[in-house]
Amino acid sequence: MRETGLAMVTLVVPEMDLAINHYTKDWGFRLVVDAMHASGHRWVEIDTGGLAKLRLAEARNEAQRGAIGNQTGGNVSFFLNIADFHQTIARWAESDIEILEPTRDEGYGRVIVVQDRFGNRWDVFDKDYAPSS
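These figures come from a predicted structure and were not determined experimentally. (Residues numbered from 1 in each chain as written. Predicted model: local features only at pLDDT ≥ 70, side-chain atom pairs only at ≥ 80, totals over all residues. Heavy atoms only, no water.)

**A word on the nonpolar core**
Selection rule: Working definition of a nonpolar core: buried Ala, Val, Leu, Ile, Met, Phe, Trp, Tyr and Cys residues. They are joined through side-chain atoms within 4.5 Å. Under the scheme applied here, a residue whose accessible area is under 20% of the maximum for its type counts as buried, over 50% as exposed, and between as partly exposed, the area being computed with a 1.4 Å probe on protein chains only. Residue contacts follow a heavy-atom distance rule, with two residues in contact if any of their heavy atoms lie within 4.5 Å.
The biggest cluster of nonpolar side chains holds 27 residues, and the ones touching the most others in it are Tyr23, Trp27, Leu54, Leu56, Trp122 and Val124. If near-sequence neighbours (up to four positions away) are discounted, Trp122 is found in contact with Tyr23, Trp27, Phe29, Leu54, Val76, Phe78, Leu80, Ile112, Val113, Val114 and Asp116.

**Section: the environment of Asp17**
Put simply, the test is: The helix and strand labels rest on DSSP assignments: H or I over at least four residues marks a helix, E over at least two residues marks a strand, and numbering proceeds from the N terminus. Distance and chemistry together define a polar contact, namely a pair of N or O atoms within 3.5 Å, with one atom able to donate a hydrogen and the other to accept it when in protein, and with adjacent residues in sequence counting only for side-chain atoms on both sides.
Within the fold, Asp17 resides in helix H1 (residues 16–26). Each C-alpha atom, one on Asp17 and one on Glu58, is 9.5 Å from the other, the two residues being 41 residues apart in sequence. A polar atom in the side chain of Asp17 sits 2.9 Å from the side chain of Arg42.

**Regarding the packing of aromatic side chains**
Our working rule: A pair of aromatic rings is counted whenever rings of Phe, Tyr or Trp (Trp by its six-membered ring) have centres within 6.5 Å, and the orientation is called stacked for planes under 30 degrees apart, edge-to-face for over 60 and tilted otherwise.
Evaluated as defined, the whole model comprises nine aromatic pairs. Here Tyr23 and Trp27 contribute two aromatic rings whose centre-to-centre distance is 6.3 Å and whose plane-to-plane angle is 40°, an arrangement assigned as tilted. Ring centres of Phe78 and Trp122 lie 4.7 Å apart, and the angle between their planes is 35°; this geometry places the pair in the tilted category. Of the two residues, Phe78 sits in strand E5 (residues 78–82) while Trp122 sits in strand E8 (residues 121–126), which places them 44 residues apart along the sequence. The exposure classification of Phe78 matches that of Trp122, with both residues buried. By way of ring pairs, the aromatic residues Tyr23, Trp27, Phe29, Phe78, Trp92, Phe118 and Trp122 are connected into one cluster.

**Considerations on the sheet that holds strand E1 (residues 8–13)**
Heads up, the condition is: Think of it this way: DSSP has to see at least two bridges between two strands before they count as a pair. All axes here are fitted lines through C-alpha atoms, helices being fitted over the stretch that makes contact, and every angle between N-to-C directions spans 0 to 180 degrees.
Pairing within the open sheet is mixed, and its four strands lie in the order E1-E4-E3-E2. Sheet topology places E1 and strand E2 (30–36) at the edges, where each strand pairs with a single neighbour. Here the average twist between neighbouring strands, direction ignored, is 25°. Both strand E3 (residues 42–47) and strand E4 (residues 53–58) contribute to a ladder of three bridges, which runs antiparallel. Across the sheet, Val44 pairs through a bridge with Leu56, a residue of E4.

Take a look at the structure:
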């Protein structure tokens, strides 16, 4: 059993199949659930390889459509650790993932800021980078 912690976050998307394709093909994440929920909504979970999954929710009204890509008011929404940092970023640059800021080394690690096709900002960290003391 997992320790107490964040298990999933909801990400509002404009269209479910488009979002599934983007997060599995472009990002390399894994679709783990695609089913109908008892409420009648499609329930989709994407495994990012970390502790928390993404739950994709298709926008169903104007307020939700307005939140797509701006769920945190322009702040970075998600923080991701990846292996094979440079190879992954190079692959992403050829996909529908936009590089917003170049890679930089910070006291907390190597990071790059990217944006998914829906406008969500992500800080992506090199999980194997050890900053010099």
